[in-house]
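Given next are the chains, with one letter for each unit.
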Amino acid sequence: MGFNNTNLTAKDRIVLALDTDSLEEVERLVTLLKDYVGCFKVGPQLFTSCAYDAIDLIKKLGAEIYFDGKFHDIPSTVAKAGSNLIKRGVTTFSAHLAGGTKMLTTTVKVARETAKKFNMPAPTILGVTLLSSFGQRTLTEELNVKMNIDEYVSHLTYLAKESKIDGVIASASEARKIRKEFSDEFIILCPAIRPTWSVVNDQIRVVTPADAIRSGVDYMVVGRPITAADDPIAAANLIIDEIEQASKTVEV
Ligand code: C5P
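The structure contained in this document is the topic of the report that follows. All of these numbers come straight from a predicted model, not from anything done at the bench. (Residues numbered from 1 in each chain as written. Predicted model: local features only at pLDDT ≥ 70, side-chain atom pairs only at ≥ 80, totals over all residues. Heavy atoms only, no water.)

## Regarding the state of the cysteines
Here is step 1: Enumeration according to the criterion identifies zero disulfides in this entry.
Here is step 2: Left without a disulfide partner, C39 is nearest to the cysteine sulfur of C190, which lies 15 Å away.
Here is step 3: This cysteine, C50, is not joined by any disulfide, and C39 carries the nearest cysteine sulfur, 18 Å off.
Here is step 4: Owing to a relative accessible area of 10%, C50 belongs among the buried residues under this scheme. (Disulfide = S-S within 2.5 Å. Buried < 20%, exposed > 50% of the residue type's maximum accessible area, 1.4 Å probe, protein only.)

## Quick notes on the side chain of E242
Here is step 1: For E242, the position within the fold is in helix 10 (residues 232-247).
Here is step 2: Buried and unpaired, E242 has no salt bridge, with R214 as the nearest side chain of opposite charge at 6.7 Å.
Here is step 3: E242 has contacts with P195, T208, P209 and A210, leaving out every residue within four places of it along the chain. (Helix = DSSP H or I, 4+ residues; strand = E, 2+ residues; numbered from the N terminus. Lys, Arg positive; Asp, Glu negative; His and termini not counted. Salt bridge = Lys/Arg side-chain N within 4 Å of Asp/Glu carboxyl O. Contact = heavy atoms within 4.5 Å.)

## Remarks on the nonpolar core
Here is step 1: Counting residues in hydrophobic clusters, the biggest one holds 71 residues, and the most contacted among them are L18 and I226.
Here is step 2: When residues of this core are assigned to their parent elements, the largest contribution, seven residues, is made by helix 2 (residues 44-60).
Here is step 3: Residue contacts for L18: discarding those within four places in its chain leaves V26, L29, V30, F40, K41, L46 and I58.
Here is step 4: Counting 13 residues, the second largest nonpolar core, distinct from the first, contains F3, C39, I169 and L189. (Core = buried A, V, L, I, M, F, W, Y, C linked by side-chain atoms within 4.5 Å.)

## Topic: the sheet that holds strand 1 (residues 14-17)
Here is step 1: Pairing is parallel around the closed barrel formed by eight strands, whose spatial order is 1-2-3-4-5-6-7-8. Across the sheet, the axes of successive neighbouring strands diverge by a mean angle of 25°, strand direction being ignored.
Here is step 2: Relative to strand 5 (residues 124-128), strand 4 (residues 92-96) runs parallel, the two being bridged by five bridges. Of the residues in strand 5, the one forming a bridge with S94 is L126. (Pairing = 2+ DSSP bridges. Axes fitted to C-alpha atoms, helices over the stretch in contact; angles between N-to-C directions.)

## Here we look at the packing of aromatic side chains
Here is step 1: If you walk through the whole model with that rule in mind, you get eight aromatic pairs.
Here is step 2: Aromatic side chains F47 and F67 sit 5.0 Å apart centroid to centroid with 85° between the ring planes, which places their arrangement in the edge-to-face category. Taken together, the residues span a long stretch of sequence, with F47 in helix 2 and F67 in strand 3 (residues 65-71) at a distance of 20 residues.
Here is step 3: F47 sits in the partly exposed class, given a relative accessible area of 22%.
Here is step 4: For F67, a relative accessible area of 6% puts it in the buried group. (Phe/Tyr/Trp six-rings, centres within 6.5 Å; stacked < 30°, edge-to-face > 60°.)

## Digging into the site of the ligand
Here is step 1: Taken together, 13 residues form the shell around the ligand, and within it D19, S132, R194, Q203 and R224 come nearest.
Here is step 2: Between the ligand and the protein, one listed contact pairs a nitrogen atom with a side-chain N or O atom of S132 at 2.7 Å.
Here is step 3: Contact with the protein chains hides 84% of the accessible area of the ligand, taken as 470 Å² for the molecule alone.
Here is step 4: Put simply, the parts of the chain that give the shell around the ligand at least two residues each are strand 8 (219-222) and helix 9 (224-227).
Here is step 5: Looking at the shell around the ligand, its residues break down into five nonpolar, three polar and five charged. (Near = heavy atom within 4 Å. Polar contact = N/O pair within 3.5 Å; in protein donor to acceptor, adjacent residues only side chain to side chain. Areas by Shrake-Rupley, 256 points an atom, 1.4 Å probe, with all protein chains shown as cover. Nonpolar A, V, L, I, M, F, W, Y, C, P; charged D, E, K, R; others polar.)

Here it is as structure tokens:
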């Protein structure tokens, strides 16, 4: 249950994004792919259409869930949201590191207490660094942050460390830096994965599964390269092969 970094197989490393509005599609994708990916990511799109029906269905089908809520609110609100998820059997979720250490530490503490109280596995909380939709210009001009992206991501990762967050969500180039600065302290989850044979869609800074692994990434979010493929199982198997090959030549 949850993300754990020991003896990961290539399949374990794939987090399949369930970006759909329909329970039928959830059932189809989970049934088809649960033996080919490590877990299923539920985000705002699916949750606002099917809420806990989707979560209960995925659990009933025997698959793991990562709730990508990207919470960012006052400490007690985020802590209660995390606690509610755990009570419903979801122990892995995300929050924005920019929410600050008070929000993060409160959430970690309450999540751990709730998991213990309800006999659930220890929770895994991942911190969003900087959304990949941000570039240097928007960071500087809109958020008025004077650091460059790499420095800002490092700064946020220090907040994650201080708050005892389990992992961070970052791009492959940032993952490389995080591994150097923080060694294996964090689980690193990387989105915007695009194998060379897939369509880029609306993602901007994309990376191949092999490059993600070589950069020190533990888990990768993959959506459309698998879900929109003519043969999703064949697509997942290609990604598994690519991860296995790259794992043999990890640089960091
Ligand atoms: O592989 P695909 O582009 O379909 O994956 C889309 C998923 O990746 C979405 O669920 C989105 O939330 C997630 N994601 C992302 N970029 C980020 C963080 C998450 O694309 N920086």
